[in-house]
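Each chain is listed here by its residues.
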Amino acid sequence: MNGTQWIIFFFIIQVIHGLATWKLHIKAGRKAWEAFIPVYNSVILMKIINRPWWWTILLFLPIANLIMFPVVWVETARSFGKKSTLDTFLAIITLGFYNFYLNYVEDVKYVENRGLIAGSIAGDWISSILFAIVAATIVHTYVMQPFVIPSSSLEKTLLVGDFLFVSKFHYGARVPMTTVGLPMVHDSIPKTKTKSYLFNDKYEERNTSWINKLQLPYMRLPGFENIERNEIVVFNQPADTLLNMNDFTPDRNYYKPIDKKTNLVKRCVGIPGDNLEIKAGDVYINGEKNVLSKRAHLQFFYNVKTKGDIRQLFNKYEITESSGYVTYYIENKYLEDPKLRDFINSSADIELKVIGKDSIKTEVSGNVTQRFFNRLNMSVANTNYIGNMTEELAAKVAKDPSVISLEKVNSETTDSRLFPQDSEYAFTADNFGPIYIPKKGESLELTIENYPLYKRVIGEYERNIIISRGNQILINGEVATSYTFKQDYYWMMGDNRQNSIDSRYWGFVPFDHVVGKPVLVWMSFDTVKKKIRWDRLFTTVHGTGKTTSYLIPVILLIGGLIAFNRFRKRKKK
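The shown structure was predicted, so the numbers you read here are calculated from the model rather than taken from an experiment. Numbers given to residues run from 1 along each chain, matching the order in which its sequence is written. Two thresholds apply to this predicted model, a pLDDT of at least 70 for residue-level local features and 80 or more for giving and counting side-chain atom pairs, whereas whole-chain, interface and lining totals are computed over all residues. Excluded from the side-chain calculations are hydrogens and water; all other atoms, namely the structure's heavy atoms, are used.

Next up on the list: the packing of aromatic side chains. Remark: the centre distance and the inter-plane angle together describe each pair of aromatic rings, the angle taken between the planes. Only Phe, Tyr and Trp rings take part, Trp by its six-membered ring, and two of them pair if their centres are within 6.5 Å. Stacked means planes under 30 degrees apart, edge-to-face means over 60, and tilted covers everything else. Enumeration over the complete set of coordinates arrives at 26 aromatic pairs. With centroids separated by 5.5 Å and ring planes inclined at 15°, the aromatic side chains of F97 and F100 adopt a geometry described as stacked. Throughout this description, buried means an accessible area under 20% of the type-specific maximum (1.4 Å probe, protein chains only), exposed means over 50%, and partly exposed covers the range between. Of the residues examined, F97 reaches a relative accessible area of 47% and is grouped as partly exposed. Residues Y454 and F508 carry aromatic rings whose centres are separated by 5.7 Å and whose planes lie at 10° to one another, so their mutual orientation is stacked. On the criterion of sequence distance, the pair formed by Y454 in helix α13 (residues 451-461) and F508 in the loop between α14 (503-506) and β21 (509-510) is long-range, its members being 54 residues apart. Secondary structure counts use DSSP, requiring at least four H or I residues in a row for a helix and at least two E residues in a row for a strand, with both numbered from the N terminus.

Now the structure itself:
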């Protein structure tokens, strides 16, 4: 719904509330008209049910209000003597319309200065749990959200199994756009494939469904800092198709609301207004190579040839991400033997590729069975593997006696999945751009050449209808030669440069997709070795110096607070 529709909906709710409670207001010693004044009626209702005025604020906080409304319905019934389990059930199951029954049918009496403790142990427990959920939801939505690193795209900087606290207030907390959903649950209910929110995901019905019309427009509370270049940021993946995370076709992400798209964490290497280019895997901003802090650990793939056991080499240097193949020597006399040549040709499961040949032996690659290996008296020529490592580690590996050669991989093969998914842009993952990153308020000349780069921004993210017709570009039916951007955009990439799905695949990240800033690693669990990484507990995410664990100071602080609290209680007694 747009702003006008939400205002109309708001006033309809206020009228319903007034009709359901105006007689109850009179019985509580208030005026009937007070039940119909928006917001003011909520403040008065808090006085009637003997609850603090700031509960009114909770009624207008998306998601948290889904819990607060049932609480207020139940508290209203209890304020007029209806405190049985059946009354509580009816107040909730009728979505508050039980108040109509109390208002017009039941001859209830107002219980002034009633006790705030529930009439039963079960009721007391329910109230406590509900308020704990409300408090946690507010913190989770507007202050700080826990997040776990799911993939290795920032490996060596942030590790798989790192548990983060993500600040919502640094860049300004984003007000939830999805109004009906489970609190503190993202896109699906844990351990199920069931959505945790109400939304019609059918492409053809996305703009007409009444459920989707309950979406709030994008709003964000004021923040106290902007996203800076090279900061690590948590955001919603722009091209989240859910059904197939490897499908980056631009028109497949409409069916998920922005705040329910998959949360990702990457490094913001390009900010609004930057001109960005990637050369041999390195990022260049406005013509200069982007320099990261010493805390950042860029990783690249390296071709490694070794005369030893590749597994031993990789284990020695703790290289966990790798792939590759082995080449073999076959003496030429075996290849010249007619019987053995027939044996090779008759082996359907054997496929060899000749790499090189001299007067004595031939070097081949392919899948080789042990029987084939023994029959042809083959020997290992070279192990050719790709290992993922930092530049510092690559320098060490290159000096290992078993290594024949080590060369950084520079992809020169175009990938149809790469942004902007257009054949006119022959980008590779390691050689990309140059491109301009849109900035709010700045204008860009639109041409048929740069149309593929900004079609998604103008059409999807900024809600316009944009098409090309011949050499012309039409925006909302009118010919356009330039466009002024309505919000800022960013370029997000992983430090694990050749093993990261990032902006190279789905393009610019709009500011309305930004979730927050990770500030602290409070827990880290090595999923491979099945143990806690104690040296990473309570370490800061950003900074320039060496990563330092503040676990001991945190333990001492908690111990000090506990001791002080006990001392204070003893002194009070």
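Counting buried positions along strand β14 (residues 432-436) yields four of five residues, so the element is predominantly enclosed. Sheet topology note: the strand β5 (residues 275-279)/β14 ladder contains three bridges and is antiparallel. Of the residues in β14, the one forming a bridge with N275 is Y436. Only strands joined by at least two bridges in the DSSP assignment are considered to pair.

Further remarks concern the packing of helix α4 (residues 64-79) against helix α5 (residues 85-93). Axis definition: a line fit to C-alpha positions, over the contact stretch in the case of helices; interaxial angles, taken between N-to-C directions, run 0 to 180 degrees. The geometry of α4 relative to α5 is characterised by a closest axis approach of 9 Å and an angle of 135° between their N-to-C directions. On the basis of their axis angle, the class for α4 and α5 is oblique. In this structure, α4 meets α5 at a crossing whose hand is right-handed. Touching P70, W73, V74 and R78 of α4 are T88, A91 and I92, all from α5. Residue type decides the class: Asp, Glu, Lys and Arg count as charged, Ala, Val, Leu, Ile, Met, Phe, Trp, Tyr, Cys and Pro as nonpolar, and the leftover types, Gly among them, as polar. Class assignment for the residues of the contact of α4 with α5 results in five nonpolar, one polar and one charged. Here the angle decides the label: under 35 degrees means roughly parallel, over 145 means roughly antiparallel, 65 to 115 means roughly perpendicular, and every other value means oblique. Crossing chirality is assigned from the near helix's rotation relative to the far helix, an anticlockwise turn below a right angle marking it left-handed and a clockwise turn marking it right-handed. The contact rule is simple, with two residues in contact once any of their heavy atoms fall within 4.5 Å.

The next point concerns the sheet that holds strand β18 (residues 478-479). Spatial strand order, β16-β17-β18: three strands in an open sheet with antiparallel pairing. The sheet is open, and its two borders are formed by β16 (466-469) and β18, each paired with just one other strand. In terms of strand pairing, β16 meets strand β17 (residues 472-475) through four bridges, oriented antiparallel. Pairing of R469 across the sheet is with Q472, part of β17. Against the sheet, α13 touches β16 and β17, its axis set at about 145° to β16.

Note on placement: N496 falls in the loop between β20 (489-493) and α14. Any pair of N or O atoms that falls within 3.5 Å is considered a polar contact. Within protein, one atom must be able to donate a hydrogen and the other to accept it, and sequence-neighbouring residues count only if both atoms are side-chain atoms. Among the polar contacts made by the side chain of N496, one reaches the main-chain carbonyl oxygen of S152 at a distance of 2.9 Å. There is a polar contact of 3.2 Å between the side chain of N496 and the side chain of E321.

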